[in-house]
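These are the residues of each chain, in order.
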Amino acid sequence: GDSVTQMEGPVTLSEEAFLTINCTYTATGYPSLFWYVQYPGEGLQLLLKATKADDKGSNKGFEATYRKETTSFHLEKGSVQVSDSAVYFCALTPSAAGNKLTFGGGTRVLVKP
Amino acid sequence: DGGITQSPKYLFRKEGQNVTLSCEQNLNHDAMYWYRQDPGQGLRLIYYSQIVNDFQKGDIAEGYSVSREKKESFPLTVTSAQKNPTAFYLCASSYRGEAYGYTFGSGTRLTVV
């Protein structure tokens, strides 16, 4: 079945450091890929998405590129802030199979001043 | 503004009691979903509904029930058969189609006392 694997956290960084969160997936066909962010005590917010191979999603300084050859969708940000401290979830919806999201386990990121 | 509303934010239940969590959306989304999140864990799908008067079990449906009588509403009942109901419950909605992401509510934290 479809699955998403994320690097385990927590990831602890200093402010202005470079952030990478690895995400790889297993799916048939051409899934759509998403990154969601969850701040403490809140629901999830869509951060960015990509719907076909080589697409780059971007938002709020975060970027991720859909790499079909490596089945990956790694999240990056060049200079993190304390306000980026949150849990990040990678997710996919399989193609031609409705829109039921499959989530990775989440990666907690802590940015220290 | 359009959005998805979960209520209440905090809920306490005595063992052996059923409790219903509310989820309402005014985004005109066709599909709605219920997820469970345990501390430090990812999201697990309980139930989902693609259209009114129809819903499907997710990965952990035992001990839960839902209804979808209106497009805007998808209440979740946690029954006394659910062995470990203390968790954070998240409702989401989306348009049908794999390229659309979900909009999440802010969640309900259920505690069994």
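Everything numeric here is computed off the predicted structure, so don't read it as measured data.

Parameters at a glance
- Residues numbered from 1 in each chain as written.
- Chains lettered and ligands numbered in written order.
- Predicted model: local features only at pLDDT ≥ 70, side-chain atom pairs only at ≥ 80, totals over all residues.
- Heavy atoms only, no water.
- Helix = DSSP H or I, 4+ residues; strand = E, 2+ residues; numbered from the N terminus.
- Rg over C-alpha atoms; globule rule 2.2 N^0.38 Å.
- Pairing = 2+ DSSP bridges.
- Axes fitted to C-alpha atoms, helices over the stretch in contact; angles between N-to-C directions.
- 1 Å grid on protein atoms, 1.4 Å probe; cavity = no way out; pocket = protein on both sides within 12 Å on 5 of 7 lines; lining within 4 Å.
- Points joined across faces, edges and corners; volume = space filled by probe spheres on them.
- Nonpolar A, V, L, I, M, F, W, Y, C, P; charged D, E, K, R; others polar.
- Core = buried A, V, L, I, M, F, W, Y, C linked by side-chain atoms within 4.5 Å.
- Buried < 20%, exposed > 50% of the residue type's maximum accessible area, 1.4 Å probe, protein only.
- Contact = heavy atoms within 4.5 Å.
- Phe/Tyr/Trp six-rings, centres within 6.5 Å; stacked < 30°, edge-to-face > 60°.
- Lys NZ or Arg CZ within 6 Å of the ring centre and 35° of its normal.
- Salt bridge = Lys/Arg side-chain N within 4 Å of Asp/Glu carboxyl O.
- Polar contact = N/O pair within 3.5 Å; in protein donor to acceptor, adjacent residues only side chain to side chain.

Novice: Give a detailed account of the overall build of chain A, specifying residues and quantitative values.
Specialist: Within chain A, the secondary structure is distributed over zero helices and twelve strands. For chain A, the sequential pattern of α-helices and β-strands runs β-β-β-β-β-β-β-β-β-β-β-β. The C-alpha radius of gyration of chain A comes to 14 Å, within 12% of the 13 Å expected for a compact globule of 113 residues. With respect to the principal axes defined by its C-alpha atoms, chain A has extents near 45 × 30 × 20 Å.

Novice: Provide a residue-level description of the sheet that holds strand 8 (residues 62–65) of chain A, including the pertinent values.
Specialist: Residues and elements named next belong to chain A. The strand order across the open sheet formed by four strands is 3-9-8-7, and the pairing between neighbours is antiparallel. Looking at which strands have only one partner, the edges of the open sheet turn out to be strand 3 (19–21) and strand 7 (56–59). Direction aside, the axes of adjacent strands within the sheet are offset by 15° on average. Bridge count between strand 8 and strand 9 (residues 75–77): three bridges; the pairing is antiparallel. The partner of Phe 62 across the bridge, within strand 9, is Lys 77.

Novice: Could you give an account of the layout of surface pockets, with specific residues and numbers?
Specialist: Taken as a whole, the largest pocket encloses approximately 450 Å³ of empty space. Lining the largest pocket are 26 residues, and of these Val87(A), Arg108(A), Gln37(B), Gly40(B) and Gln41(B) lie nearest its centre. Of all the elements in the fold, those that place two or more residues in the lining of the largest pocket are strand 10 (86–93) and strand 12 (107–112) of chain A. Of the residues in the lining of the largest pocket, the class split is ten nonpolar, eleven polar and five charged.

Novice: Go over the nonpolar core, please, and point to the residues and values.
Specialist: Leu19(A), Trp35(A), Leu48(A), Phe73(A), Leu75(A), Tyr88(A) and Val109(A) are the most contacted members of the largest nonpolar core, which totals 25 residues. Broken down by element, this core gets its largest block of residues, four residues, from strand 10 of chain A. Dropping the residues within four chain positions of it, Leu19(A) is found in contact with Val11(A), Leu13(A), Phe62(A), Leu75(A), Glu76(A), Lys77(A), Val80(A) and Val109(A). Counting residues in hydrophobic clusters, the runner-up holds 20 residues, among them Ile4(B), Cys23(B), Leu76(B) and Cys91(B).

Novice: Outline the packing of aromatic side chains, supporting the account with residue identities and numerical values.
Specialist: In this structure the tally under the stated criterion is 15 aromatic pairs over all chains. Measuring from centroid to centroid gives 6.2 Å for Phe103(A) and Phe104(B), while their planes differ by 65°, and the two rings are edge-to-face. Placement of Phe103(A) in strand 11 (residues 102–103) and of Phe104(B) in strand 10 (residues 103–104) is noted, with the two residues assigned to different chains. Given the relative accessible area of 11%, Phe103(A) is considered buried. The buried category is assigned to Phe104(B), whose relative accessible area is 9%. With a centroid separation of 4.1 Å and 20° between ring planes, the pair formed by Tyr33(B) and Tyr102(B) is classed as stacked. One end of the pair, Tyr33(B), is in strand 4 (residues 31–37); the other, Tyr102(B), is in the loop between strand 9 (87–94) and strand 10, and 69 residues separate them in sequence. Each residue in the set Phe34(A), Tyr36(A), Phe89(A), Phe103(A), Tyr33(B), Tyr35(B), Tyr48(B), Tyr102(B) and Phe104(B) is aromatic and connected to the rest through ring pairs, giving one cluster. Above the face of the Tyr30(A) ring, Lys68(A) is positioned so that its terminal group lies 4.4 Å from the ring centre.

Novice: Which residues make up the interface of chain B and chain A, and what values go with them?
Specialist: Facing 25 residues of chain B, the contacting portion of chain A comprises 22 residues. The interface formed by chain B and chain A holds zero salt bridges in total. Inspection of the chain B/chain A interface yields four residue pairs in polar contact (both at pLDDT 80 or more). For the side of chain B that touches chain A, the elements supplying multiple residues, two or more each, are strand 4, strand 5 (43–51) and strand 9 of chain B. Looking at the side of chain B that touches chain A, its residues break down into 13 nonpolar, nine polar and three charged.

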